[in-house]
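Working through the structure, step by step
Each chain, letter by letter, is given below.
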Amino acid sequence: MRRSKAHNLADDSLMDKEDTSYKQGRRKKGIRRNQIEENLGSDGDHSAKCSSGHVSDKAVKAQKSLKHQNKSVPQILVRRKQVDPETAKYFLEIANVLEGGEVELEERSVICGNALEETRGKELELATDYIISHTLQSLLEGCDADHLCGFLLSCANDFPRIAMDRSGSHVAETALKSLVVHPQDEDAHSFIEETLTTICKVIAVNPVDVICNCYGSHVVRSLLCLCKGAPVDSTEFHFTNSSTVLAQRLNLKASQLDGNESSHLQLGFPDLLKFLVLEMLKHARKDIRTLQVNQFSSLVLQTALKVLVGDDELLQIIPVLLGCSKDYFAEGSSIENSVVQDTIDLMKETAFSHLMEVILEVAPETLYDEMFRKIFRNSLFEISSHPRGNFVVQALVSHAKCQGQMELIWEELGTKFMDLLEMGRSGVIASLIAASQRLHTHEHKCCQALAAAVQSVNESPRCIVPRILFLESYFGCEDKSDWNWPNGTKMHVMGSLILQAIFRFRSEFVHPYITSITSLEVDHVLETAQDASGARVLEAFLSSHASEKQKHKLVSRLRGRFGGLSMRSSGSFTVEKCFSVSNMSLREVIVTELLAVQNELSKTKQGPYLLRRLDVDGFAARPDQWRSKQVSKQSVYKKFCAAFGSNERKSSKNDKFLAYTSNHIAQADTIKKMRKEIDQCLASGTPLLGSQSAVHEVSLSKLGKSGFKRHQERMEKGSIKLAKHAVDDDVLRSKAKKRKNKKKE
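Conventions we followed
- Residues numbered from 1 in each chain as written.
- Predicted model: local features only at pLDDT ≥ 70, side-chain atom pairs only at ≥ 80, totals over all residues.
- Heavy atoms only, no water.
- Helix = DSSP H or I, 4+ residues; strand = E, 2+ residues; numbered from the N terminus.
- Buried < 20%, exposed > 50% of the residue type's maximum accessible area, 1.4 Å probe, protein only.
- Phe/Tyr/Trp six-rings, centres within 6.5 Å; stacked < 30°, edge-to-face > 60°.
- Disulfide = S-S within 2.5 Å.
- Salt bridge = Lys/Arg side-chain N within 4 Å of Asp/Glu carboxyl O.
- pLDDT = per-residue confidence, 0-100.
- Contact = heavy atoms within 4.5 Å.
- Axes fitted to C-alpha atoms, helices over the stretch in contact; angles between N-to-C directions.
- Parallel < 35°, antiparallel > 145°, perpendicular 65-115°, else oblique.
- Nonpolar A, V, L, I, M, F, W, Y, C, P; charged D, E, K, R; others polar.

**Overview of the environment of Lys 326**
Of note, Lys 326 is situated in the loop between helix H19 (314-321) and helix H20 (340-346). Of the residues examined, Lys 326 reaches a relative accessible area of 53% and is grouped as exposed. Taking the C-alpha atoms as reference, Lys 326 lies 8.7 Å from Gln 316; in sequence the two are 10 residues apart.

Given below as structure tokens:
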């Protein structure tokens with residue numbers, strides 16, 4: 001996913017845009033206060049008047065077009081009180097003092113504390129004033145915990161109104177963020193918890209107005225993160241990055257929520273977190289339809305689900321979000337039949353489809369199975385056909401728990417590959433392929449169904465890879481039998497990702513795909529290598545279970561073009577991969593071509609690394625020694641494969657290891673040969689660890705637990721004693737050095 005951005009998932013942009021614009025509009029402290037002569041007045045309807053604030057005009061127009069959006073959400077008018085001239089003058093002087101930069105740290109804390117004392121009873125008008133709100137943020141950042149909590153307690157009743165204001169929302173969030181800065185000693189922690197409890201109770205009484213507001217929703221999400229113990233602006237819980245989600249669904253990246261208890265989490269308030277979420281839903285239950293379709297409340301609910309992942313409270317929360325009248329915990333209760341069709345219809349709404357994706361991601365296994373069988377079964381193709389509903393199906397498939405569920409999914413979608421591709425729902429197919437790999441079921445059927453979707457019965461398999469690379473072009477063509485390779489057209493991102501997943505299967509499953517990619521014409525191979533998405537497909541094939549002969553056949557088609565390809569940022573990765581899987585003659589061809597463009601290549605960003613990796617200087621200076629080193633590396637690699645490879649993995653997975661481990665593994669018959677190879681690697685600039693035993697250990701760790709376990713067994717039996725020999729050799733050298741020093745003395 002280093003270069004794939006998954007632009008075809010543009011549905012996420014509306015909800016991401018609110019967060020991005022909110023971040024961009026924060027803390028504009030560079031604006032000089034004397035340039036602004038008057039206040040901005042009443043915000044009125046925030047959704048309609050924020051063109052210069054946090055949400056762009058385009059996002060506002062899109063928001064108005066959503067079904068139920070502005071009709072069902074009551075808009076709160078926050079009328080700002082005019083700040084009296086004397087108070088305004090006082091805070092202007094405070095601002096000048098703080099910005100002067102001449103105040104000591106301890107003195108600054110005292111000034112901030114005293115200034116906050118002057119805000120008592122006037123927090124609402126000061127926080128919602130465009131000019132003074134900036135000063136107030138500086139005061140909250142510079143004061144101690146007592147004054148900070150005192151400010152929040154004093155304005156607790158007005159906190160929702162402050163949070164829903166364009167300027168006040170930044171003050172509220174600054175106050176929350178400042179709470180985690182102070183030392184988390186027992187006294188401070190209990191006082192902060194008491195303060196947050198008061199704030200949470202006020203918000204929970206009437207949550208709909210706050211969480212359906214574009215500013216208030218962001219403050220509530222920050223409050224949830226604070227209670228979780230995560231950073232207030234944590235992207236892990238705040239934002240939904242489509243590229244990251246796609247990488248997780250295609251088994252390319254572990255879910256962020258899997259590491260929820262990671263080291264960046266601080267001391268939180270778990271009981272308060274559960275109280276806030278449950279109380280908000282309790283008081284908003286009659287307005288649950290509003291929360292389901294509103295884009296800002298959807299973001300709050302998504303954050304709430306993410307911060308509670310793994311907690312039993314999700315069994316209560318998720319049925320409420322689906323519109324059930326009873327809790328899941330109630331004896332004998334389950335998802336009610338009355339909400340099934342309603343939920344299916346809601347999945348076609350942008351806000352709820354995003355919410356449903358997170359629900360499926362965090363749902364406990366029992367509840368996931370309940371939703372799968374009651375809501376989705378027999379409706380998968382209908383939902384997959386919808387522009388927004390198909391993302392929910394992708395989430396459902398990606399989080400399938402067992403082979404039985406995969407079997408039911410296959411029954412409904414296994415025969416619909418062509419229909420889904422014609423509708424542009426390639427993401428559903430990509431998720432199916434990834435799930436089949438993860439659950440080890442229907443792997444061959446997935447490969448066959450995809451090939452059948454792009455190839456007629458009597459056609460040669462040569463057409464399979466080109467048509468998947470250009471999915472949009474092929475399925476947009478009226479006469480598919482007359483379709484040809486569209487020169488100069490950018491390759492389809494999702495098609496590229498599908499092929500990358502395909503080439504992770506065993507070779508007997510993907511034989512038609514191997515035949516197709518090795519049958520590409522020379523110009524088409526070059527064009528694929530020059531395309532960012534296409535290059536990843538070539539690299540995936542070169543890392544696949546295909547035979548060395550098949551890989552060499554493809555690499556040889558780039559002969560004469562490696563120099564120009566290496567000049568491209570994405571092409572350099574392909575050149576490196578080609579080198580790692582090539583035989584000696586092809587390696588010489590590649591290095592010779594790079595040597596011809598060495599000067600130009602060294603000036604590019606990726607050039608120095610590639611030149612060092614392939615040891616181009618070594619080849620130019622001492623060709624015979626360079627060849628000897630390459631032969632030695634290949635010999636060591638074959639021994640490594642013989643010791644740890646198995647069946648097809650010997651010729652496939654180890655190809656994947658070559659680029660990463662060939663420079664780290666120097667396995668020879670004697671210690672002398674071992675050290676000589678390390679010296680050669682160091683001479684070429686290749687990074688190595690300090691000792692041979694450490695190198696061997698790291699190399700083995702890449703194999704996983706099973707490989708390392710086999711290594712340990714061999715060590716116990718005395719088959720492999722490299723580490724012991726290396727240690728003994730170091731000890732002998734150390735003793736000899738000491739004796740030599742004594743003689744000199």
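Now that the structure has been shown, the text picks up again.
**Digging into the packing of aromatic side chains**
Throughout the structure, instances matching the rule amount to 10 aromatic pairs. Both rings, one in Phe 470 and one in Trp 483, keep their centres 6.3 Å apart while their planes meet at 50°; by these two values the pair is tilted. Of this pair, Phe 470 sits in the loop between helix H29 (464-469) and helix H30 (471-475) while Trp 483 is found in the loop between H30 and helix H31 (493-502), placing the two residues 13 residues apart along the sequence. Taking the relative accessible area as the measure of exposure, Phe 470 reaches 2% and is therefore buried.

**With respect to the state of the cysteines**
Taken as a whole and judged by the stated rule, the model has 0 disulfides. Not engaged in a disulfide, the cysteine Cys 200 finds its nearest cysteine sulfur in Cys 227; these two sulfurs lie 4.6 Å apart. Judged by its relative accessible area of 0%, Cys 200 is buried.

**A word on the pattern of salt bridges**
If charged atoms from side chains of opposite charge come close, those side chains can pair. The tally for this structure, following the rule as stated, stands at 14 salt bridges. Linking Glu 370 and Lys 374 is a salt bridge whose minimum nitrogen-to-oxygen distance equals 3.6 Å. Of this pair, Glu 370 and Lys 374 both sit in helix H22 (residues 365-376), 4 residues apart, roughly one helical turn. Beyond isolated ion pairs, a larger network of salt bridges with shared partners links Glu 588, Asp 624 and Arg 627.

**Some details on the confidence of the model for the protein**
A residue-level look at the protein finds 71% of positions with pLDDT of 70 or above and a mean pLDDT of 78. Residue range residues 259-263 is modelled with pLDDT below 50. Its contacts to residues more than four positions away, or to other chains, number 8 contacts. This stretch, residues 646-672, has a pLDDT under 50; its non-local contacts, to residues over four places away or in other chains, come to 73 contacts.

**Quick look at the packing of H31 against helix H34 (residues 532-542)**
For the pair H31 and H34, the least separation of the axes is 9 Å and the interaxial angle reads 5°. It follows that H31 is roughly parallel to H34 by the angle criterion. Only Ser 533, Arg 536, Val 537 and Ala 540 of H34 make contact with H31, whose side of the interface consists of Val 493, Ser 496, Leu 499 and Gln 500. For the contact of H31 with H34, a count of residues per class yields 4 nonpolar, 3 polar and 1 charged.

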